[in-house]
Structure formats: structure tokens, C-alpha cells
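# Examination of the molecular architecture
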Amino acid sequence: MKVIKVNVDENGNTAAHFGIMGIPATLLFKNGEAADKKVGVMSLEGLKAFISKHQ
């Protein structure tokens, strides 16, 4: 698994491409495609659940 942080102020085109309308936003990619998106702060348990539902 890779975790990548993107500054949406510096990368507005990337944010627009993925429909990021609020931050923080977490996108999960599977096989090179965006599989899920969650906007808002997540607890560690929430992040684990977000990831595990796509295994």
C-alpha cells in the first residue's frame, strides 16, 4: 500500500479531476482506478474500515 498526500492548492487540476470539493478527502485506488472516496476527518478505526472493505 502507498499513501500519498497531495496539496490541492498546488494541484488544483488533480483535485478537479477526482471531484474533490472538500478537504480532507481520502481516495482509495484499486488496480489504478479510484475505487472509493471519503470526505472528512477519519479516526484510525474509520480509516481501517474504509480500506478493509476493498480488500
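Remember, it's a predicted structure, so these values are computed and weren't measured experimentally. (Residues numbered from 1 in each chain as written. Predicted model: local features only at pLDDT ≥ 70, side-chain atom pairs only at ≥ 80, totals over all residues. Heavy atoms only, no water.)

### Observations regarding the overall build of the protein chain
- Within the protein chain one finds 2 helices and 2 strands.
- Put simply, the protein chain runs from its N terminus to its C terminus through helices and strands in the order α-β-β-α.
- Sorting the 55 residues of the protein chain into buried and exposed places 9% on the buried side.
- Across the protein chain, contacts joining residues at least 24 apart in sequence account for 12% of those joining residues at least 6 apart. (Helix = DSSP H or I, 4+ residues; strand = E, 2+ residues; numbered from the N terminus. Buried < 20%, exposed > 50% of the residue type's maximum accessible area, 1.4 Å probe, protein only. Contact = heavy atoms within 4.5 Å.)

### Digging into the side chain of His-54
- Tracing the backbone through its elements, the reader meets His-54 in the segment after helix H2 (44-52).
- A distance of 2.9 Å separates the side chain of His-54 from the side chain of Asp-36, its partner in a polar contact.
- Dropping the residues within four chain positions of it, His-54 is found in contact with Leu-28, Lys-30, Ala-35 and Asp-36. (Polar contact = N/O pair within 3.5 Å; in protein donor to acceptor, adjacent residues only side chain to side chain.)

### A closer look at the pairing of strand E1 (residues 25-30)
- Here E1 pairs with strand E2 (residues 33-39) via 6 bridges, running antiparallel. Paired with Thr-26 across the strands is Lys-38, a residue of E2.
- Linking E1 back to E2 in an antiparallel pair, the connection comprises 2 residues, with Asn-31 at a positive phi of about 55 degrees. (Pairing = 2+ DSSP bridges.)

### Topic: the pattern of salt bridges
- According to the stated counting rule, one finds 2 salt bridges in the structure shown.
- Between Asp-36 and Lys-53 there is a salt bridge whose closest N-O contact spans 3.3 Å. Of the two residues, Asp-36 is situated in strand E2 and Lys-53 in the segment after H2; the sequence distance between them amounts to 17 residues.
- Lys-48 is the partner of Glu-45 in a salt bridge, and the nearest nitrogen-oxygen pair spans 3.6 Å. One end of the pair is Glu-45 and the other is Lys-48, both in helix H2 and 3 residues apart, which spans about a single turn.
- Residue class for Lys-48 comes out partly exposed when judged on its relative accessible area of 47%. (Salt bridge = Lys/Arg side-chain N within 4 Å of Asp/Glu carboxyl O.)

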